[in-house]
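Structure at a glance
Residues per chain, in single letters:
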Amino acid sequence: MDADVIVVGAGPVGLLLAAEVQLGGGRALVLERLTEPSRDRKARGIGPLATEALWRRGLGPHLSAADPAGARDFTRDHGTELGHFANIHKLAPDPGRPGTRIWQPDLERLLTTHAETLGVRILRGHDVVALEPGADSVTAITHTSAAEHRLRAPYLIGCDGAHSRVRKLTPFAFPGTAPLLRTIAGAVSFASPAPAPGRYPTGTFLHGGSLAGVTELADAAPPAPAATPGAVAPIDNAQPVTSVGATAPVVSVGDGRLPTPVENAQPATSVGVSAPVVAAGEGRRSTPVTGGGPVVSAASPGGDPFGAPAVSAEVATSTPERPTDHAAPIASHGLTGEGHPATAVATNGSRGPVTAAELAAAIRRVTGADVAIEGLREPRDFTDQARQADTYRHGRILLAGDAAHVHSPSGGQGLNLGLLDAMNLGWKLAAVVRGAAPESLLDTYTRERHPAAAAVLHNTRAQSALLAPGRHVDALRDIVSDLMEIPAVNRYFSALLSGVDHRYELPYPAAEPVGLHSSDLDLTDDHGVRSKLHEHLHSGRGLLLLTPETQAFANYATNRVEILPVTNTGALLLRPDGIIAWAEGDNQSLQLALDTWFPAQ
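Cut-off values and rules
- Residues numbered from 1 in each chain as written.
- Predicted model: local features only at pLDDT ≥ 70, side-chain atom pairs only at ≥ 80, totals over all residues.
- Heavy atoms only, no water.
- Buried < 20%, exposed > 50% of the residue type's maximum accessible area, 1.4 Å probe, protein only.
- Helix = DSSP H or I, 4+ residues; strand = E, 2+ residues; numbered from the N terminus.
- Pairing = 2+ DSSP bridges.
- Patch = residues over 30% accessible without salt bridge, like charges linked within 9 Å, V, L, I, M, F, W, Y side chains within 5 Å.
- Areas by Shrake-Rupley, 256 points an atom, 1.4 Å probe, with all protein chains shown as cover.
- Salt bridge = Lys/Arg side-chain N within 4 Å of Asp/Glu carboxyl O.
- pLDDT = per-residue confidence, 0-100.
- Contact = heavy atoms within 4.5 Å.
- Expected span 1.5 Å × (residues − 1).
- Axes fitted to C-alpha atoms, helices over the stretch in contact; angles between N-to-C directions.
- Core = buried A, V, L, I, M, F, W, Y, C linked by side-chain atoms within 4.5 Å.
- 1 Å grid on protein atoms, 1.4 Å probe; cavity = no way out; pocket = protein on both sides within 12 Å on 5 of 7 lines; lining within 4 Å.
- Points joined across faces, edges and corners; volume = space filled by probe spheres on them.
- Nonpolar A, V, L, I, M, F, W, Y, C, P; charged D, E, K, R; others polar.

**Considerations on the pairing of strand β11 (residues 181-190)**
Counting buried positions over the ten residues of β11 gives nine, a clear majority of the element. Sheet topology note: the β11/strand β14 (residues 211-217) ladder contains seven bridges and is antiparallel. Within the sheet, the bridge partner assigned to G186 lies in β14 and is A212. Judged from the eight bridges that link them, β11 and strand β18 (residues 373-383) form a sheet pairing that is antiparallel. For A185, the partnering residue across the bridge sits in β18 and is R380.

**Let's talk about a nonpolar patch on the surface**
Residues I479, L483 and I486 make up a contiguous nonpolar surface patch of about 260 Å² in total accessible area. You can see I479 is positioned in helix α9 (residues 471-483).

**Quick look at the confidence of the model for the protein chain**
Chain-level statistics for the protein chain give a pLDDT mean of 80 and a share of 77% at 70 or above. In the model, residues 227-351 has pLDDT below 50 throughout and makes 494 contacts with residues more than four positions away in sequence or in other chains.

**Some points on helix α10 (residues 487-498)**
With twelve residues, α10 extends 16 Å from end C-alpha to end C-alpha; this agrees with the ideal 16 Å at 1.5 Å per step. Listing the buried residues of α10 in full gives N490, F493, A495, L497 and S498. At its buried positions, α10 is contacted by α2 (48-55), β3 (83-85), β4 (88-91), α7 (414-433), α8 (443-467) and α9.

**As for the sheet that holds strand β8 (residues 148-153)**
The sheet built from three strands is open, its strands ordered β6-β7-β8 with antiparallel pairing. Among the strands making up the open sheet, the edge pair consists of β6 (127-133) and β8. Across the sheet, the mean angle from the axis of one strand to that of its neighbour is 25 degrees, orientation sign disregarded. Inspection of the sheet shows strand β7 (residues 138-143) paired to β8 by six bridges, in the antiparallel sense. The residue of β8 that forms the bridge with V138 is A153.

**Thoughts on the sheet that holds strand β26 (residues 562-565)**
If you trace the four strands from one edge of the open sheet to the other, you get β26-β25-β27-β28, paired in mixed fashion. Sheet topology places β26 and β28 (580-583) at the edges, where each strand pairs with a single neighbour. Adjacent strand axes in the sheet meet at a mean angle of 15 degrees, parallel and antiparallel pairs treated alike. Relative to β26, strand β25 (residues 543-546) runs parallel, the two being bridged by four bridges. Each bridged residue has a counterpart across the sheet, and for L544 the counterpart in β26 is I563. Lying on the sheet, helix α12 (residues 587-597) is in contact with β25, β27 (572-574) and β28; it crosses β28 at an angle near 165 degrees.

**Here we look at the nonpolar core**
The tendency in soluble globular proteins is for nonpolar side chains to be buried as a group. Ranked by internal contacts, the top residues of the largest apolar core, which has 103 residues, are L17, L156, I157, L419, L429, L545 and L573. Counting residues per element, this core draws most heavily on α7, at ten residues. Leave out the neighbours within four places in its chain, and L419 touches P12, V13, L16, I46, A50, L107 and L111. Ranked by size, the runner-up nonpolar core spans 15 residues in total, among them V188, A212, A360 and V371.

**Digging into the layout of surface pockets**
A volume near 850 Å³ is recorded for the largest pocket. Lining of the largest pocket is provided by 35 residues; of these, P48, P93, D94, G99 and R101 occupy positions nearest its centre. Among the elements that make up the lining of the largest pocket, the one with the highest residue count is α10 (seven residues). Residue composition of the lining of the largest pocket, by class: 14 nonpolar, 14 polar and seven charged.

**Regarding helix α1 (residues 12-23)**
The end-to-end C-alpha separation of α1 is 16 Å, in line with the 16 Å expected for twelve residues at 1.5 Å each. Most of α1 is tucked away: eleven of the twelve residues are buried. Downstream of α1 by one or two residues, G25 has phi in the positive range, about 105 degrees.

**Brief notes about the environment of V433**
Counting through the fold element by element, V433 comes out in helix α7. For the pair V433 and V21, spaced 412 residues apart in sequence, the C-alpha separation works out to 9.2 Å.

**Concerning the environment of L123**
On the secondary structure map, L123 appears in strand β5 (residues 121-124). For the pair formed by L123 and V30, sequence separation is 93 residues and the distance between their alpha carbons is 6.0 Å. Discounting chain neighbours no more than four positions away, the residues touching L123 are L29, V30, L31, E32 and L151.

In structure tokens:
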């Protein structure tokens, strides 16, 4: 065997998963198609749960060092430090459970160093072209610039993005919802004045620097023409435009209502800011806030959008797929760019790229303006459909991250979601391959993580509905914006997007907080020494916190998990991924929890 676990894809999810396997006592091998790490700033942050997960592995100081600059960039690009739901920027962060603003290349460098320090092997330039599942292993056949290779391990995990080759080579179903919105865009040179960007009755015109595009209802555009003989087909994972010039204030208004266009607004210094929004209908207006997120983007190597992790979705069989390069949710009429997947699905992958004439026609359909386009580069054509694998495991092959689920980037949830997949699966794989747990432990991965992703798909579909064109949607956005002023509603939306209230259903009866991700508790041990919870989980093992009244329970956990006597909190059993597996119960319930997650050897 070449490894205990082969991970396909060296993005953040694959790197963290491989590190978790290695930390847990397994041997992980990462196969990456690209020869060099991508420098594309596809995501700009991670949420509270992923932040806490990385602190538990000793990476907190690095996150803290990156956060101030990332937070400044976010505020600059969005005109506010507040989070958003459907680009209604009103969500206050929870100071007790903060996220981290860190650009994806910085996060990938951090996770690469972390994985390699633990002994993970990363083979770059290996394109997986076939899989051969066997009775006790999986063989990955890869092509490099020099030769074909055969690499074998008991388990193989697809972390290779929304257009996952692993998923396509395995009988995973990938059902989902058809696109509501369609976007065509590119780097454009206009030979005539362009209309003001913003919301129009039938769609949104996006324009920031050289990039311009149109988002409209997916069924509003005419069918795409067939490829012209000799036309060059789009290349999978084409390099994105990484810098978008700025013009004026954007769609990123504080309360999400239609802003009043500003005359002669000063150019912003941030990447991808656009001009004032054109109000549609009779909705209330508000003063625009300078800044926004990246406006138009394209899929990077690995399928991850800028401002979100990999996110291109599968296309229906009648609509061949093509990845997009990078970014903010063009399909969402606004600017986000926060570390979540932009569901970018190309709709014309079997023909030539979008033409200047097609883009001009789309601009005319939405704005009514005739424009002359003298140059079009990096054309994009994609939708916001959402899909999720029916199961995350087929025998010895599993999926994680965007390979398992794709959705709109709205709300900044995708990268957080994928990293938590890795945290959930990594320690379980390690326990199985080293013989410390039965193979059935892997079945809990789909059971726990599938509902978490389904919840994200659900709320991003709701956000897409709020981002669709039309006066009815404008009215609904006004009402939702008003509701978000209510503190309890604001907390509801914040928790919905962060996932902190999502609870796993564990295979034994237990009440909250069992099944929740633990926050980073302040602890005081029986000698009066104070610490934070994350300081006791660097080893990747489970942790049992015992109060003076439950000290005798230590006998049940010896050699299974680490044990810490505490005096300022209740007794808790924590899994390596931070999930509370038992809380202040009797010795029998503790025994059941220990036997489930940490069987006696």
